[in-house]
Amino acid sequence: MCGIVGIVGDRPVADRLFDGLKRLEYRGYDSAGICTLDEGDFDRRRAEGKLNNLAAVLADKPLHGTTGIAHTRWATHGAPVVKNAHPHIVGPVAIIHNGIIENFKPLRAELEAEGRTFESDTDTEVVAHLVAREIEGGAEPRDAVAAVLSRLHGAFGMAFLFRDHPGLIIGARHGSPLTVGYGEGENYLGSDAIALAPLSQRIAYLDDGDWVVLTRDEIEIYDKDNQRVEREIVLSGASAASVEKGNYRHYMQKEIFEQPIVVAQTLQSYVRPYEGKVALPDSDLDLSSIRRVTIVACGTSFYAGMVAKYWIEQFARVPVDIDVASEFRYREPVLEKGGLALFISQSGETADTLAALRHAQEEGQIIAAVINVPTSTMAREADIVLPTHAGPEIGVASTKAFTCQLAVLAAFSANLARANGRMSEEEEADLVDRLQKVPEIMNEALDHDEDIAAMAHLVAPARDVLYLGRGPDYPLAMEGALKLKEISYIHAEGYAAGEMKHGPIALIDDAVPVIVLAPSGPLFEKTVSNMEEVRARGGKIIFVSDAEGLEKAGEGCLATIEMPKAHPLIQPIVYAIPVQLLAYHVAVAKGTDVDQPRNLAKSVTVE
Ligand code: AGP
């Protein structure tokens with residue numbers, strides 16, 4: 001899961017390739033590299049770690065040349081060290097690769113048996129050897145690549161540069177996305193439209209199995225049967241402007257504080273305030289015919305889906321199945337033809353979710369997708385897109401995308417409830433009124449930033465943290481734990497409050513902070529009982545509730561956070577804020593890399 005960019009140009013490419021890598025860093029930041037063709041030979045720079053390491057190497061030894069390829073890596077095969085960084089060079093071929101070559105072991109054995117030696121531990125180098133072998137045997141680059149592609153299993157997007165063919169790049173995709181950009185006297189290749197945005201807005205998305213030959217003047221696309229094909233050229237609309245942090249210390253912090261605005265922006269597409277109605281944008285979907293909803297997603301998007309399961313079942317009385325995408329795809333789920341499958345993804349590129357979407361499509365489901373990146377593969381492949389308008393989310397920890405997903409899912413649940421006669425016109429108008437006030441309530445929640453920052457020292461020294469909640473606060477508890485884990489590296493678990501006594505209670509002592517999410521309401525007393533069970537065992541509680549809840553049960557807690565009271569379809573959007581802020585401030589207190597935590601990538605494009 002890596003980022004790819006290539007330029008066949010008529011002027012120096014190194015700086016522009018580096019800019020493309022900055023835009024692709026969300027796909028991985030373990031190491032990076034660039035290779036250009038200069039005076040008839042390859043010239044390459046690589047560096048371990050973040051892109052600023054590569055920048056330092058380039059500053060020391062600049063790269064020249066008008067054709068080149070560049071790569072930012074998220075390690076799958078081989079540690080994130082320079083020898084495994086791409087591009088890999090074997091004789092007359094240089095390669096960059098995103099994805100996994102699943103049959104690389106037998107291929108490597110075959111090549112080693114011929115006396116070929118390997119410099120890296122990657123699966124990628126095998127492909128470089130195979131293509132080099134063809135070329136050394138007299139094949140032209142395009143024939144060499146076509147011959148090798150037929151031998152590869154797995155998912156990949158790749159690009160090749162050829163030492164003896166200046167002004168030529170060949171790209172190929174199978175599973176992983178690849179996009180070509182059309183220029184004037186130059187052409188481009190990239191993992192996505194965002195990487196190419198400053199270079200070209202005229203782009204074509206390659207289909208699965210396509211490979212492409214780029215020269216300065218022409219782009220020739222071939223399908224999996226090696227037949228020349230045309231792919232539609234579209235205007236990408238991806239923004240060329242880079243996103244700045246402004247006065248914030250981290251992107252994550254900025255994105256947390258943007259939430260009232262982007263949630264309002266998102267809701268504008270789903271609410272008709274003057275009519276007192278919620279509505280889905282541009283959709284012919286007959287909601288009253290939906291008998292079951294299947295929700296599939298990963299990570300934070302999955303937790304948004306879990307909240308939606310509570311909402312859809314409670315308000316619309318439609319049964320919901322929910323799966324993490326990596327399980328759904330391979331467990332042979334039983335899906336009735338014509339059912340609605342709902343996929344949730346910020347990036348629209350997550351490999352597991354995409355594979356699950358395609359599987360559901362093959363099974364005759366209507367595919368709806370809640371997506372933040374409108375140019376993404378999922379947005380292009382879904383039947384119905386329910387967009388979130390969160391804008392680019394740069395921090396690896398998802399924050400504003402999550403609350404925008406919740407806003408869309410709340411509107412979706414209300415639509416379904418109305419279509420099923422489970423929500424009266426008055427209730428709908430009341431909900432619309434309340435949805436209009438969500439940004440205001442979110443601002444109230446954000447006002448607690450300083451109090452929460454002051455609590456960070458209570459959590460930062462912990463080795464383990466538990467989050468507890470009931471109903472929609474249970475997925476929020478899991479989301480809180482995920483946020484804390486990924487950016488502060490503290491082990492955390494989110495539990496259904498009632499489940500704690502079935503095992504996790506054994507963990508409780510005064511070194512394990514327990515964060516309890518419990519708005520006043522029907523489940524409040526039950527959660528408070530579970531909280532008492534923690535307290536009785538010396539557990540230290542951080543209690544998040546509204547004024548009424550704090551009044552009833554706030555005494556004796558290590559700390560309390562007061563949230564405004566809200567409608568059940570709004571409350572999880574509000575409670576997301578304290579869990580995000582707490583994770584953020586704990587990570588800052590621990591001095592971790594908040595925006596690019598270790599081992600992670602923003603978009604996970606391998607299965
Ligand atoms: C959350 O903070 C994550 N970094 C991660 O769990 C993410 O939500 C997951 O990878 C799904 O991504 P998507 O929404 O782009 O599909």
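For the structure given in this document, a descriptive report is provided here. Position numbers for residues start from 1 in each chain and track the written sequence from start to end. Whole-chain, interface and lining totals are the exception, using all residues; otherwise, since this is a predicted model, local features are given only for residues with pLDDT of at least 70 and side-chain atom pairs are given and counted only at 80 or more. Computation of side-chain values covers all heavy atoms of the structure but excludes hydrogens and water.

### Details of the site of the ligand
Here a residue counts as near a molecule or strand whenever at least one of its heavy atoms sits within 4 Å of it. Residues in contact with the ligand amount to 15 residues; listed here are only the nearest, Ser-301, Ser-345, Gln-346, Thr-350 and Glu-486. We define a polar contact as two N or O atoms separated by no more than 3.5 Å, with the added condition that, inside protein, one atom must be a possible hydrogen donor and the other a possible acceptor, whereas residues neighbouring each other in sequence contribute only through side-chain atom pairs. Within the backbone of Gln-346, an N or O atom sits 2.7 Å from an oxygen atom of the ligand. Between Ser-347 and the ligand, the recorded distance is 2.7 Å, taken from a side-chain N or O atom to an oxygen atom. Coverage of the ligand by the protein amounts to 91% of the 420 Å² it exposes when considered alone. Only runs of H or I of at least four residues qualify as helices and only runs of E of at least two qualify as strands under DSSP, and these elements are numbered from the N terminus. Looking at the shell around the ligand, the elements that each hand over two or more residues are helix H8 (299–316) and helix H16 (473–488). In the shell around the ligand, the residues fall into five nonpolar, eight polar and two charged. Throughout, the Shrake-Rupley method with a 1.4 Å probe supplies accessible areas, and for residues the shown protein chains are the sole cover considered. Polar here means any residue other than Ala, Val, Leu, Ile, Met, Phe, Trp, Tyr, Cys and Pro, which are nonpolar, and Asp, Glu, Lys and Arg, which are charged; Gly is therefore polar.

### Quick word on the packing of aromatic side chains
Any two of the Phe, Tyr and Trp rings considered here, Trp counted by its six-membered ring, make a pair once their centres fall within 6.5 Å; the pair's planes then place it as stacked at under 30 degrees, edge-to-face at over 60, or tilted in between. Taken as a whole, this structure holds five aromatic pairs when the rule is applied. Look at Phe-160 and Phe-162: their rings are 6.3 Å apart centre to centre, the planes differ by 25°, and that puts the pair in the stacked class. Residue class for Phe-162 comes out buried when judged on its relative accessible area of 0%. Where Phe-524 meets Phe-543, the ring centres are 6.4 Å apart and the plane angle is 40°; that geometry is what we call tilted. Remark: Phe-543 occurs in strand E26 (residues 540–545) and Phe-524 occurs in helix H17 (residues 524–536); sequence separation between them is 19 residues. Pair check on accessibility: Phe-524 and Phe-543 agree, each one buried. In this analysis the charged atom, NZ for Lys or CZ for Arg, is taken to sit over a ring once it is within 6 Å of the ring centre and within 35 degrees of the ring normal. Its guanidinium or amino end placed over the ring of Tyr-205, Arg-380 lies 3.4 Å from that ring's centre, counting from NZ or CZ. When the ring centre of Tyr-489 is taken as origin, the NZ or CZ atom of Arg-598, which lies over that ring, is 3.8 Å away. Relative accessibility under 20% of the residue-type maximum defines a buried residue, over 50% an exposed one, and the middle range a partly exposed one, all with a 1.4 Å probe and only protein chains included.

### Describing the packing of helix H3 (residues 104–113) against helix H4 (residues 124–136)
The packing of two helices is summarised by the inter-axis angle and the distance between the axes. To obtain each axis, a line is fitted to C-alpha atoms, and for helices this fit is confined to the stretch in contact; angles are then taken between N-to-C directions over 0 to 180 degrees. Following both chains from N to C, one finds H3 and H4 inclined at 45°, their axes separated by 10 Å at the closest point. In terms of orientation, H3 lies oblique with respect to H4. Crossing of H3 over H4 shows left-handed handedness. In contact with Phe-104, Leu-107, Arg-108, Glu-110 and Leu-111 of H3, H4 contributes Val-126, His-129, Leu-130 and Arg-133. The scheme is simple: roughly parallel for angles under 35 degrees, roughly antiparallel for over 145, roughly perpendicular for 65 to 115, oblique for anything else. The sense of a crossing depends on the near helix, which, turned anticlockwise from the far helix by less than a right angle, makes the crossing left-handed and, turned clockwise, makes it right-handed. Any two residues whose heavy atoms approach within 4.5 Å at even a single point are treated as in contact.

### Quick look at H17
Think of an α-helix as 3.6 residues a turn; residues three or four steps apart then line up on the same face. Taking 1.5 Å per residue as the helical rise, H17 with its 13 residues ought to reach 18 Å, and the 18 Å between its terminal C-alpha atoms agrees with that figure. Every buried residue belonging to H17 is among Phe-524, Thr-527, Val-528, Asn-530, Met-531 and Val-534, and all of these are buried. The arc that holds the buried residues of H17, viewed along the axis, is 160°, so those residues lie on one side. Of the exposed residues in H17, the ones pointing more than 90 degrees away from its buried face are Lys-526 and Ala-536. Along its buried surface, H17 packs onto strand E23 (464–469), strand E25 (513–517), E26 and helix H18 (547–553). Positive phi shows up at Gly-538, right after H17, with a value of about 80°. Multiply 1.5 Å by the residue count of a helix minus one, and that product is the helix's expected span. Picture the helix axis, draw a direction to every C-beta atom, and the arc is the one those directions span.

### Examining the sheet that holds E25
At least two bridges found by DSSP between two strands are what make those strands a pair. A sheet is described by the order of its strands in space; here five strands give the open sequence E24-E23-E25-E26-E27, paired in parallel fashion. Single-partner strands in this sheet number two, and they are strand E24 (491–496) and strand E27 (559–562). On average, each strand axis in the sheet is inclined to that of its neighbour by 15°, with strand direction left out of account. Bridging between E23 and E25 involves four bridges; their strand directions are parallel. Along E25, the bridge assignment pairs Tyr-467 with Ile-515. Of the strands in this sheet, E23, E24 and E25 touch H16, which is tilted by about 175° from E24.

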